[in-house]
Amino acid sequence: MANEIFEEVTEILTFIIENNTVPRNIRRAAEESIEILSNEEEDETVRASAVIVILDNISNDPNIPVHARTLIWEILSKLESI
């Protein structure tokens, strides 16, 4: 189940990374989040928690576009279910 959620989250993060209207620091955080999620040596809950912390911090960035903030909130709710 967690792997399915990680796949969905990775797709959304990839969409954010490929969107040039999203500031570079937000895209960088999305890339970092994908790296953490793909590290299968780490426990699923640890990976989810690490990404939640990163994305929660950037969701409060005043420069983040509304559509990207909404996607990040969606990701956070998915990860919090793990």
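This text goes with the structure placed above it.
It should be emphasised that the depicted structure is a prediction, and the values quoted were computed from it without experimental measurement.

Asks: Summarise a negative patch on the surface; cite the residues concerned and give the values.
Replies: A surface patch of like charges, here negative, comprises E40, E41, E42, D43 and E44. If you trace the backbone, E44 turns up in helix 3 (residues 44-59).

Asks: How would you summarise helix 2 (residues 24-38) if you had to cite specific residues and measurements?
Replies: Taking 1.5 Å of rise per residue, the 15 residues of helix 2 would be expected to cover 21 Å, and the 21 Å separating its terminal C-alpha atoms lies within 8% of that figure. For helix 2, the full list of buried residues reads I26, R27, A29, A30, S33, I34 and L37. Viewed along the axis of helix 2, the buried residues span an arc of 155°, placing them on a single side of the element. Of the residues in helix 2, the exposed ones pointing more than 90 degrees away from the buried face are R24 and E35.

Asks: Describe helix 1 (residues 2-18), with residues and values.
Replies: The terminal C-alpha atoms of helix 1, which comprises 17 residues, lie 24 Å apart, in line with the 24 Å expected from a rise of 1.5 Å per residue. Where helix 1 is concerned, the buried positions are A2, I5, F6, V9, I12, L13 and I16. Buried residues in helix 1, looked at end-on, bunch into an arc of 130°, giving them a common side. Exposed side of helix 1, more than 90 degrees from the buried face: E4, E7, E11 and E18 are the residues found there. On its buried side, helix 1 packs onto helix 2, helix 3 and helix 4 (66-80).

What counts as what
- Here the residue numbering is sequential within each chain, running from 1 through the sequence in written order.
- A pLDDT threshold of at least 70 governs which residues receive local features in this predicted model, and a stricter bar of 80 or more applies before side-chain atom pairs are shown or counted, although totals over entire chains, interfaces and linings include all residues.
- To get the side-chain values, all heavy atoms of the structure are used, and hydrogens and water are removed first.
- The residues that make up patches have over 30% relative accessible area and no salt bridge, and they are joined within 9 Å when like-charged or within 5 Å when they are Val, Leu, Ile, Met, Phe, Trp or Tyr.
- Each accessible area is a Shrake-Rupley result for a 1.4 Å probe, and residues are judged covered by the shown protein chains and nothing else.
- Whenever a carboxyl oxygen of Asp or Glu lies within 4 Å of a side-chain nitrogen of Lys or Arg, that contact is scored as a salt bridge.
- Charge assignment: positive for Lys and Arg, negative for Asp and Glu; neither His nor the chain ends contribute.
- Each charge is placed at NZ for Lys, CZ for Arg, CG for Asp and CD for Glu.
- In DSSP terms, a helix is any run of H or I states spanning at least four residues, a strand is any run of E spanning at least two, and both are numbered starting from the N terminus.
- One fewer than the residue count of a helix, multiplied by 1.5 Å, yields its expected span.
- Throughout, exposure labels follow a simple rule: accessible area from a 1.4 Å probe, protein chains only, divided by the maximum for the residue type, with under 20% read as buried, over 50% as exposed, and the rest as partly exposed.
- An arc is given here, and it is the one of the directions from the helix axis to the C-beta atoms.
- By the convention used here, residues are in contact when the closest approach between their heavy atoms is within 4.5 Å.

Everything listed here is a matter of geometry and, on its own, says nothing about what the molecule does.
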